[in-house]
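Residue strings, one per chain:
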Amino acid sequence: FFLTMPAILISGFIFPLANMPLWAQYLSYLTPVRYFVIIARGIYLKGNDVSVLWPQGLALLVLGVCTLAAGVLLFRKRVD
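It should be emphasised that the depicted structure is a prediction, and the values quoted were computed from it without experimental measurement.

A.B. asks: How would you sum up the environment of Leu 30? Please name residues and give values.
C.D. replies: If you trace the backbone, Leu 30 turns up in the loop between α2 (22-28) and α3 (32-46). Considering only alpha carbons, one finds Leu 30 and Asn 19, 11 residues apart in sequence, at a separation of 18 Å.

A.B. asks: I'd like to hear about the packing of aromatic side chains, residue by residue, with values.
C.D. replies: Evaluation of the coordinates by the stated rule reveals 0 aromatic pairs. A cation over a ring is seen here: Arg 34 above Tyr 29, with NZ or CZ 4.1 Å from the ring centre.

A.B. asks: I'd love a proper account of the environment of Tyr 26, names of residues and values included.
C.D. replies: Looking at where Tyr 26 falls in the secondary structure, it is placed in helix α2. Exposure remark for Tyr 26: the relative accessible area of 54% places this residue in the exposed category. Taking the C-alpha atoms as reference points, Tyr 26 and Ala 40, separated by 14 residues in sequence, lie 21 Å from one another.

A.B. asks: Could you give me a rundown of α3, with the residues and numbers involved?
C.D. replies: Spanning 15 residues, α3 covers 20 Å between terminal C-alpha atoms, matching the ideal 21 Å at 1.5 Å per step. Along α3, the residues that are buried comprise Arg 34, Tyr 35, Val 37, Ile 39, Ala 40 and Gly 42. Looking at the residues trailing α3, positive phi occurs at Gly 47, about 70°.

A.B. asks: Outline the environment of Gln 25, supporting the account with residue identities and numerical values.
C.D. replies: Mapped onto the elements, Gln 25 comes out in helix α2. Measuring from C-alpha to C-alpha, the distance between Gln 25 and Ile 10 comes to 7.3 Å, with 15 residues separating the pair along the chain. Setting aside anything within four residues of it in sequence, one finds Gln 25 in contact with Leu 17, Ala 18, Met 20 and Arg 34. Reaching out from Gln 25, the side chain makes a polar contact with the backbone oxygen of Leu 17 at a distance of 2.8 Å.

Rules of the game
Residues numbered from 1 in each chain as written. Predicted model: local features only at pLDDT ≥ 70, side-chain atom pairs only at ≥ 80, totals over all residues. Heavy atoms only, no water. Helix = DSSP H or I, 4+ residues; strand = E, 2+ residues; numbered from the N terminus. Phe/Tyr/Trp six-rings, centres within 6.5 Å; stacked < 30°, edge-to-face > 60°. Lys NZ or Arg CZ within 6 Å of the ring centre and 35° of its normal. Buried < 20%, exposed > 50% of the residue type's maximum accessible area, 1.4 Å probe, protein only. Expected span 1.5 Å × (residues − 1). Contact = heavy atoms within 4.5 Å. Polar contact = N/O pair within 3.5 Å; in protein donor to acceptor, adjacent residues only side chain to side chain.

Take a look at the structure:
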């Protein structure tokens, strides 16, 4: 709850990103929810295909790889 609610609030799901302060807009780039919301809206509301939404998918992939790498490194430190 401590991380989920702020991530949803700054993702653009409830409030438009353009109406947020600039620091919140930059902070929203670090949450995967932002990219998921863009993909979901693009598919359901606009009917976009992969050729339009691939940058958001790539951003999700990069965030996932970084999170996985951080998890592996932290787990190795605890095991050793």
